[in-house]
Amino acid sequence: MQFRQQALSKLQSPEEIDLPVRFARPQGLLVLTVTVFVMIAAAVWAVTGVVSSTLTAPGILTHAQGSYVLQSPVAGQVTGVLAKEGDRVSANAPLVKVRTAQGSALVRTIAAGRLTTLVATIGSVVTTGADVAAVEQTKSADDPLMAMVYVPAAEGATVPVGAPVDLTVQSVPTQQYGVLRGRVKAVGRTAQTRQRITAFLGSSQLGEQFSRRGQPVAVLIRLDRSPRTTSGYAWSSSDGPPFAVDSLTLAEGSIHLAEQHPIDWLLP
């Protein structure tokens, strides 16, 4: 009661009326100003800013038609090999000559392309259905390279067609020449088994490598072209590497997923 009376007496004192009222100390005003500024900046960023995420997955440079494994239709001893790895072969071209109990037979290609793997050697013995060679299908030597990236099946639905992609190519020093540029051309609808990957790439080793963590979804990447680079493709550096990049070169793709405004996921 005593303190209340003292407070009332001070309020009723005429000499106290003209004294200025202090709302906050200078330090408090500074903190308040900074807080308001930060809140305004956060509100502007929430409305105008964007948030992006990146999905990284292993892949390989290849052609859209894929490859096929050529198998021997007969059993016998190889007496002639009519091509070497790296050669372009036409459809139905003789590739390997085999001596059988009934006479000589030829193993022919199925479709035109580039001979990437040759298993058969002169003097070796092949059985019916044995792998003889692998051919990467191409219509011409000028067919553009693409990339196939194998994304975990659970994340395949998050990849939009047209999304930009940065590819780190195994044979190209990234720090010196940068990354290869591209965009998502197509996203597979079903998960790829090891057998399907093997059939497409023409290599059981690659089929096992890309399916090691489960059955992935195949994402086809169209590489950006550039007439200014030696490789003919666009890189993050101005010139890229001073050499051409080959198909069946391993790469790692960083897919830039769709950007969102922060307010889209901050609001319930």
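Just so we're clear, the structure is a prediction, and the values are computed from it rather than from any experiment.

## Quick notes on the nonpolar core
Then comes step 1: Ranked by internal contacts, the top residues of the largest apolar core, which has 25 residues, are Leu 167, Leu 180, Val 184, Ile 221, Leu 223 and Ile 255.
Then comes step 2: In this structure, Ile 221 is in contact with Met 146, Ala 147, Val 149, Val 165, Leu 167, Gly 182, Arg 183, Val 184 and Lys 185, ignoring residues within four places of it in sequence.
Then comes step 3: Val 89, Val 96, Leu 118 and Val 135 belong to the second-largest nonpolar core, a separate cluster that totals 17 residues.

## Some points on the pairing of strand β12 (residues 180-187)
Then comes step 1: Relative to β12, strand β11 (residues 164-169) runs antiparallel, the two sharing 4 bridges. Pairing of Pro 164 across the sheet is with Arg 183, part of β12.
Then comes step 2: Examined bridge by bridge, β12 and strand β13 (residues 216-223) share 5 bridges and lie antiparallel to one another. The residue of β13 that forms the bridge with Val 187 is Val 219.

## Comments concerning helix α4 (residues 194-201)
Then comes step 1: Along α4, the positions that sit buried rather than exposed are Ile 197, Thr 198 and Leu 201. The arc that holds every buried residue of α4, seen down its axis, measures 100°, which confines them to one face.
Then comes step 2: Residues of α4 that are buried in the fold lie against β1 (54-62), β2 (67-71), β10 (146-152), α5 (204-210) and β13.
Then comes step 3: Positioned one or two residues after α4, Gly 202 has a phi angle of 70°, which is positive.

## Description of the sheet that holds strand β7 (residues 113-118)
Neighbouring strands of a sheet are bound in pairs by backbone hydrogen bonds; such pairs are parallel or else antiparallel.
Then comes step 1: With respect to topology, 4 strands assemble into an open sheet ordered β2-β9-β7-β4, the strand pairing being antiparallel. Looking along the sheet, the strands with just one partner apiece sit at the ends: β2 and β4 (88-89).
Then comes step 2: Here β2 runs beside strand β9 (residues 131-137); their pairing, made up of 5 bridges, is antiparallel. Counterpart to Ser 67 in the pairing with β9 is Glu 136.

## A short note on the sheet that holds β11
Then comes step 1: Within the closed barrel, the 6 strands sit side by side as β1-β10-β13-β12-β11-β14. Their pairing is antiparallel. Strand-to-strand, the axes of this sheet are offset by a mean angle of 40°, without reference to chain direction.
Then comes step 2: Across the sheet, α4 lies against β1, β10 and β13, angled at about 175° from β10, the strand it touches most.

Cut-offs and rules
Residues numbered from 1 in each chain as written. Predicted model: local features only at pLDDT ≥ 70, side-chain atom pairs only at ≥ 80, totals over all residues. Heavy atoms only, no water. Core = buried A, V, L, I, M, F, W, Y, C linked by side-chain atoms within 4.5 Å. Buried < 20%, exposed > 50% of the residue type's maximum accessible area, 1.4 Å probe, protein only. Contact = heavy atoms within 4.5 Å. Pairing = 2+ DSSP bridges. Helix = DSSP H or I, 4+ residues; strand = E, 2+ residues; numbered from the N terminus. Arc of directions from axis to C-beta. Axes fitted to C-alpha atoms, helices over the stretch in contact; angles between N-to-C directions.

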